[in-house]
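One-letter residues, chain by chain:
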Amino acid sequence: MTIVFKKNICQTVSLSLEKEWLEANGIGGYASSTIIGANTRRYHGLLMAATKPPLGRMLMLSKLEEALFVDGREYPLSTNIYPNTIFPEGYKHLVQFQSDPFPVWEYSVEGMLIKKTVFMVYGQNTTVIMYQIHRENEMLPPPVLSIRFMIAFRDYHSLTHENPCLNTGYTNLRNGVCLTPYKELSSLYVFFNATSIDSNCFWYKNMKYPKEIERGMEAYEDHFSPFAINFSPIQNDTIYYVVASTENYDFIDINELYEKETGRRNALNNNIQKNQIIPSLVFSETGNESTGNSGMLNCLLSTSDTFIVKRGNCRKSIIAGYHWFADWGRDTMISLPGLTLVQGKYDTAKEILLTYAGHVNKGMIPNRFPDYGELPEYNTVDASLWYIHAVYKYYLYSKDILTIQNKLYPVLHEIVSYYRKGARYNIHMESDGLIYAGEEGIQLTWMDAKVGDWVVTPRMGKAVEVNALWHNALRIISFFAEIMDLENDYREYSALSAQAGNSFNELFWFEEGGYLYDYVDGGMKNSSIRPNQIFAISLPFVLLPFRKQQAVFEIVKKHLLTPYGLRSLSPADKDYIGVYRGNVYDRDKAYHQGTVWAWLIGPYLDAFFKIYGNNIHTQRMAVELLQPLCNHLYDAGIGSVSEIFDGDYPHTPRGCISQAWSVGELLRTIFENLAK
């Protein structure tokens, strides 16, 4: 799908600065900025290299300062934000931005059309920038395209300031240069087919990042410029290029790189079309006119590929979100069905499940893998239970019982065994068959915001979604035991699941409110209205009788439903915070206290269809409900779905511009509920 922004959007700074593009390379690296090329975050840049795939991200090439010279007159193409000013103002010449199959810009200057294309080479820390200039009157003197490089060489969370220790020199190569500003960091190889090189070097000072100001973070950065290059176009539409890479290419065939990546992306879409039923109902009546009937769905399918990454030289994993998340266990397991299974990518799903199987420790999968290769963190109670759910979904789609039997069932058995007898952080099964979890100062559920030693939503005790997942896990492992003729396991797990189901209904039902307690710790029963109770309906094995299903669903709909997902807390609650903004403390305080989470639209619609049936009427209602999220593909992260939104109207998108479980759950619910 091609998302297109015309001149009216591109040249309106207040609009164009809110629209961000992102290219990923399949190993955790990326290139990203706004559609006018003005970096508004510390996480923007043309080459964010994953030096320890999929992590160890380093910003190497921040941006290119581009200008066209015609008869000695300069026409800027790039745009930067500095204190109290925007300079240069290249956006004034930008007439179109489009996203298919890569980000493409079109500038108009004095009867000339300048086309710029950016893409990354899959599996490498390599960004390709291509330029083509078309002159309406070739009799006029040819222009000169000047491109000046801005480098950073820093961790992606940090900022650079003028530094006398930086090595300002570079080494000439046959087809480019090599930069090594710091001996301890990787070199940057820059290749180009320029006419000349300008070796003048200097610092650009105080570039301003408005999004960092919004986040209460340091927001000004200096960039070193080691040189500039010049192209002197003579023939129309000749390709001029810049390739920035951690790889030392002996030879660059720019057409081959372009065609290979274009072919890879086309093959992804063709395989999906061939193997899966594309839901015809979706967007057929309400889709944006520039995308066609199913364009938004195709866009989501393309975006889903950006989250699938290689973990080192081993198997695949899933990046939780761009720009700053790593691969998180919980996010991976929740997003796996939508990012892989519904698209027929069974081998990818299996690789991911096996990746995490190799990191199971004392019955727990990692909560996250740290940025620089440290030991995985295991502070999560629900990720391992979501793992069991993901294995079940894998079987339902692939019917691959051999992998379950030989490699995955022992992992499921280990998880359940440790949860029964006791795992980290006081995670254990109590005599009623339910899971208790928690220690002071530790955040274990998905509502995991923590500032210093303050856990914002501790939820210590028996959490409602954890025990819905536990019941689900017991039913799943008993299901596998039965089909593998493990009679003793089948009887044992069936009895445990029955006990857990009965205890769940007795403990969590809040009769006066007509919904489920959020968590219970001894005699303390928390009656906050949160979305966690929806999982008692949405998971494959429903816990509640029909009357209670309806009651829970209507409470969630009344208090938590928004056009972009479910609020994390009812606005009627005294602790509700409707806007997610400010410094780290303020944002984390609001993270699960009213902020809307897009991924929860999946469980919500699962519950909706279970209660009201799947027919043409309910499908049309679901399509109408999903339309705002699909229209959101034109905002924030172009072609993707944001991590979170404000609880209060107008529900401004916040957090990561592209979130795996937001995209994954939207895709999953479309394919599973609207393709029938």
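Small disclaimer: the values here were computed from a predicted structure and weren't measured. (Residues numbered from 1 in each chain as written. Predicted model: local features only at pLDDT ≥ 70, side-chain atom pairs only at ≥ 80, totals over all residues. Heavy atoms only, no water.)

## Considering the layout of surface pockets
- Estimates place the volume of the second largest pocket at around 690 Å³.
- Along its surface, the second largest pocket is lined by 36 residues, and Ser99, Pro101, Arg265, Ser302 and Thr303 are the ones closest to its centre.
- Counting only elements with at least two residues in the lining of the second largest pocket, the list comes to strand S2 (19–24), helix H4 (254–275) and helix H5 (295–304).
- Of the residues in the lining of the second largest pocket, the class split is 15 nonpolar, 15 polar and six charged. (1 Å grid on protein atoms, 1.4 Å probe; cavity = no way out; pocket = protein on both sides within 12 Å on 5 of 7 lines; lining within 4 Å. Points joined across faces, edges and corners; volume = space filled by probe spheres on them. Helix = DSSP H or I, 4+ residues; strand = E, 2+ residues; numbered from the N terminus. Nonpolar A, V, L, I, M, F, W, Y, C, P; charged D, E, K, R; others polar.)

## Digging into the pattern of salt bridges
- Inspection of every chain in the model, using the stated rule, returns 34 salt bridges.
- Measuring nitrogen to oxygen at the nearest pair gives 2.8 Å for the salt bridge that ties Arg459 to Asp518. Here Asp518 lies in the loop between strand S31 (515–516) and strand S32 (519–521) and Arg459 lies in the loop between strand S28 (454–455) and strand S29 (462–463), a separation of 59 residues in the sequence. Comparing Arg459 with Asp518 shows no difference in burial state: the two are buried.
- Members of the salt-bridge network, linked through shared partners, are Glu18, Lys211, Glu214, Asp646 and Arg654. (Salt bridge = Lys/Arg side-chain N within 4 Å of Asp/Glu carboxyl O. Buried < 20%, exposed > 50% of the residue type's maximum accessible area, 1.4 Å probe, protein only.)

## A closer look at the environment of Ala244
- Tracing the sequence through the fold places Ala244 in strand S21 (residues 240–245).
- Sequence separation of Ala244 and Leu47 is 197 residues, and the distance between their C-alpha atoms is 7.1 Å.
- Not counting chain neighbours up to four residues away, the residues in contact with Ala244 comprise Leu47, Leu61, Asn125, Thr126, Thr127, Leu188 and Tyr189. (Contact = heavy atoms within 4.5 Å.)

## Concerning H5
- With nine of 10 residues buried, H5 lies mostly within the body of the structure.
- All of the buried residues in H5 are Gly295, Met296, Leu297, Asn298, Cys299, Leu300, Leu301, Thr303 and Ser304.

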